Structures are given as structure tokens and as C-alpha cells.
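Given next are the chains, with one letter for each unit.
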Amino acid sequence: MGNLLKVLTCTDLDQEPNFFLDFENAMPTEAERQVWLDVDVVLQDARGILDELQGYRGAGKEIREAIQNPNDEVLQEQAWAAVVPLVGELKTFYQFSQRLEASLRSLLGALTSECYQDATQHLERQQALAKQFAEILHFTLRFDELKMINPAIQNDFSYYRRTLSRMRINNLPAEGENEVNNELANRISLFYADATPMLKTLSDGTTKFVSENKNLPIENTTECLSTMASVCKVMLETPEYRSRFTSEATVSFCLRVMVGVIILYDYVHPVGAFAKSSKIDMKGCIKVLKDQPAGSVDGLLNALRYTTKHLNDESTNKTIKMMLQ
């Protein structure tokens, strides 16, 4: 369908990939279809997950009243009744993160296999899978942005665990424990303890993908990530390409995808995204972010500041550090 135009081989940052990847309309070829269908099932649920998270209000009022009146059994029961269904939602979010990680690894397997010569050919011929990869990253950063501005999530879960522990000590029946047993509660607690839990899940999943596929050169994965980052940057900074977006939402989509791939690259590549040898033009990517309307990409800049692995390495260019201050 001509979704990718003018494909160049990347040899250095002066000749970075110059793609137009049609994030709005790419459809799977027959060769992509099975992987695409498997991933699509997960992505179909992603919108609902974001809607649920955006609507998550928490049980702060009930919890405060229960804590302030520890001897009032009615208030204790009301707080517990309010928290249990919320914990069910938090469990759903956590379980979705596991499905998303599996989908990401499936896409990485397809996009880094040795059936094509390089990352450029993969993205040229597997455009629909590249789009799904981008959709996963877009969802991930959006999920984490919403989680970071909602302290009720960790407060609710902490209250649930404390109350459950107290019930066990007093041999009281704990309705809802079957929903989230102690082992699962530990995993969920670790998930939400991270500032960006969904991003950490994908970063860990990408690292695990590389370590488990020892017959696959790590460069296959890092070049796939760096190529995607470069494609997003070029589309955002090139008026000819940017004008092809039919929706302004695609700009936001592109920005999130660019940042997401940078972070994954930074975790997987031995020296990270900020080193001189990096295949990602970090100065150019940061400039693209800073060229957006004031306040519109604060979350993305913070993601680069606080969730990357190598930003504070001694090898990181001082200019890059200053740009992110």
C-alpha cells in the first residue's frame, strides 16, 4: 500500500533511516497475518484498560474513615467492601501487562528474525507488525503516565494487604483473598511499586528476549529499536511527512513511540542510547520533543530523565544531560 516510502540504509547518524511508516493505515500481509492476529487480540483490550485506569478513583475516603476510627466495625467493613473490587481491577491491569509482554516478544521475534537482511527490510515488508509494536509502546507510556498521577492505586493496594494480614492473624474470613492470594499480591505489589510499571515490564521482557535467543545477534534487536526511533524522529521533524498524518493524535502517538523505543534500546544495548556509539540521534530526538507545545510532553521528557538506564553514565555527552535538565 506504499506505507513506507524512500527507504535508505542507515550507516551513521548523517544517513539515518528516512521512512514514512503509515501508523494510521498499515494492514497485515499474508505472511504477517498470524502474528498480527495474535497480537491484535491483546491490543483490542488495551483501550478498555486505559479507560478503566483513567476512571480509577480509589477508596481514599473509606480508607481514611476506617483508619481514623479503628474500633468502628461498620467503617472497617465499608472500607474493605470498597477496596476489594478495586484490587480486582489492579489485578486485571497486572495480568494485562503479562499478556502485553508476551505480545511484544512475539513481535520482536518476527521483526528481528533472519528472514530479512536488516531492520530496514523488516520494517519495509512487515509494516503492520511495526505498527502493532508502536501501538504497544504508545499504550505503555500512556498507562504509566496515568498511573503516576494516581496515588490511590498504591494506597488502595497497601491498605488491602495490611487488612488481609490483620484478618489472617485474627483468623477472620477474608472475602476476596481467593481473587488475589499472597503470592500474586507480592508480584502485583512489586509491579505497582515501580514508577513506570508497564515500561519496566516491557524493558525486562525485551532484555529476556535477547538473553533467551542467544543464536540471534543482539544487533538484530537493537537495530530494530534504533531504526524505529529514527523513523519517528524523521517523520516528526519533516513537514512533508508530518503533513501526511490525517490526525493530530498521530503526532502524540509518534512522540510516545519514539521515547518508548529509546528506553527499550537503552536497556538492551550494552552501552545504551546516550553513548557516542549509539545508533539513535539523541540530541535530535530531544530537540523534537522540546519543539512541541509547552507542557505537552513533560511526561515523555521525564520518562527519558528518570526511567532510562544509562543517562547518568560518565560516557553520556554533557550536552545531552543539559538538554534534559
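See above for the structure.
Residues numbered from 1 in each chain as written. Predicted model: local features only at pLDDT ≥ 70, side-chain atom pairs only at ≥ 80, totals over all residues. Heavy atoms only, no water.

## Some details on the pattern of salt bridges
At step 1: Evaluated as defined, the whole model comprises 16 salt bridges.
At step 2: D45 is the salt-bridge partner of R99, the closest N and O atoms lying 3.0 Å from each other. Of this pair, R99 sits in helix α3 (residues 73–111) while D45 sits in helix α1 (residues 33–54), placing them 54 residues apart in sequence.
At step 3: Among the residues examined, R99 registers a relative accessible area of 34% and is labelled partly exposed.
At step 4: Given a relative accessible area of 36%, D45 falls into the partly exposed group.
At step 5: Put simply, E212 and K208 hold a salt bridge, and the shortest N to O gap is 4.0 Å. Of this pair, E212 and K208 both sit in helix α8 (residues 197–212), separated by four residues, roughly a single helical turn.
At step 6: Under the relative-accessibility criterion, E212 is labelled partly exposed at 48%.
At step 7: Connected through shared salt-bridge partners, E101, R105, K208 and E212 make up one network. (Salt bridge = Lys/Arg side-chain N within 4 Å of Asp/Glu carboxyl O. Helix = DSSP H or I, 4+ residues; strand = E, 2+ residues; numbered from the N terminus. Buried < 20%, exposed > 50% of the residue type's maximum accessible area, 1.4 Å probe, protein only.)

## Topic: the state of the cysteines
At step 1: Using the criterion set out here, one finds zero disulfides in the structure.
At step 2: Free cysteine C254: the closest other cysteine sulfur is in C232, separated by 4.4 Å. (Disulfide = S-S within 2.5 Å.)

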